[in-house]
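Here's the letter readout for the chains.
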Amino acid sequence: MSVGRSSRPGEGVTARSAVPAGRAVRAVPAGRAVRVRVPATSANLGPGFDSLGLALSLYDEVTVRVRPEPGATVTVDGVGAGEVATDDSNLVVRAVRRGLEHAGVQQPGLELHATNAIPHGRGLGSSAAAIVAGLMAARGLLEGIVDLDASTLLTLATEMEGHPDNVAPALFGGLTIAWMTADGPAYKRLLVHRGVAPVVFVPTSTLSTKLARSLQPEQVPHADAAFNVSRSALLVAALIQSPELLLAATEDRLHQAYRASAMPETDALIRLLRQHGLAAVVSGAGPSLLVLGSDPAQRLTAADLVQRHADSDWRPLMLAVDLGGATVGAHSALEAEPA
């Protein structure tokens, strides 16, 4: 089983729930199992606060199996091992159950194994990836029973995450513009110019999204809002057509300066990199920083500058833009025949 392009909602249309919640009348057969892969994401990209997001080629992989016993067990390899919850309170498990609940299907026992590569608390969409992984697993487990279409997945993921800027690229890949309407979240997916070369620098420190958001004012000057509107529009053009404009297109006045006090080294490195002509921005809520190179050589320049000037250890990740988004397939080694 797989999630193909044909299952996506129409580009730009409002995502709305396709399956009403109701009382549980169907069950997923014990032994059915699926494997999900979800990309990391970087939101905001400088001026596109809460609207622009980019999928990156760094992945969490999750296998979910239905078992006869109630409850859930979770094992984790890689990032989060020994730290994240290993019972029903685990975010991936909660997302699986949310998808099944929405479909009106009985809640089964679950066995989950995660192999995580996306850093936690670093601004690379780890919570969005967990939510998308769980919902995609629910979709796979429900194949032949109930269809959770892509619009429904976006709606449920946004409800759990609180905003669509990370969950949209995690689901659909590429560059996404996401926005909220009276009927729920909507998105537009765009292909990124092949000359765009991302590199992420990940520090040892973490920063909570809640803290980062608390540092922003409730109101901003009109001139700053107008500034970001122009840069956001320019950024879309730079990413899909004119990478040479990325430095100007990634300027921001809405959030990065307000959050700088919580991540001073990130702020200092971004200023340094930009002084050298590199399109450096805070990745999501930080403290990781993202450089959108207009050619692959700029990634090496950025890595050299960070290595020479950083006060602490920063791990460089030379990544590509993920084009496919989250995928789900049957885990044949574990799947049992339907009852």
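Worth saying up front: this structure is predicted, and the values here are computed from it rather than measured.

## What to know about the pairing of strand E4 (residues 109–116)
Thought 1: Alignment of strand E2 (residues 48–67) against E4, held across seven bridges, turns out to be antiparallel. Residue pairing for E4: Val64 is matched across the bridge by Leu112.
Thought 2: Sheet topology places strand E3 (residues 72–78) next to E4; seven bridges connect them, and they run parallel. The residue of E4 that forms the bridge with Ala72 is Leu110.
Thought 3: Once you follow E3 into helix H1 (residues 91–102) and on to E4, the crossover reads as left-handed.

## What to know about the side chain of Gln298
Thought 1: Along the chain, the position of Gln298 falls in helix H10 (residues 297–309).
Thought 2: Residue Gln298 is classed as buried on the basis of its relative accessible area, which comes to 18%.
Thought 3: In this structure Gln298 touches Gly277, Leu278, Leu292 and Gly293, once residues within four positions along its chain are discounted.

## Re H1
Thought 1: In a regular helix each residue adds 1.5 Å, so 12 residues correspond to 16 Å; H1 covers 16 Å between its end C-alpha atoms and thus fits that length.
Thought 2: Of all the positions in H1, only Val92, Val93, Ala95, Val96, Arg97, Gly99, Leu100 and His102 are classed as buried.
Thought 3: Close packing links the buried residues of H1 with E2, E3, E4, helix H2 (126–141) and helix H3 (150–161).
Thought 4: Looking at where H1 begins, the residue whose side-chain oxygen comes 2.9 Å from the main-chain nitrogen of Val92 is Asn90.
Thought 5: Gly104 sits one or two positions beyond H1 and adopts a positive phi of about 70°.

Conventions used here
Residues numbered from 1 in each chain as written. Predicted model: local features only at pLDDT ≥ 70, side-chain atom pairs only at ≥ 80, totals over all residues. Heavy atoms only, no water. Pairing = 2+ DSSP bridges. Helix = DSSP H or I, 4+ residues; strand = E, 2+ residues; numbered from the N terminus. Right-handed = clockwise from strand over helix to strand, strands pointing away. Buried < 20%, exposed > 50% of the residue type's maximum accessible area, 1.4 Å probe, protein only. Contact = heavy atoms within 4.5 Å. Expected span 1.5 Å × (residues − 1). Polar contact = N/O pair within 3.5 Å; in protein donor to acceptor, adjacent residues only side chain to side chain.

Such coordinate-based values are descriptive only and should not be taken to indicate function.
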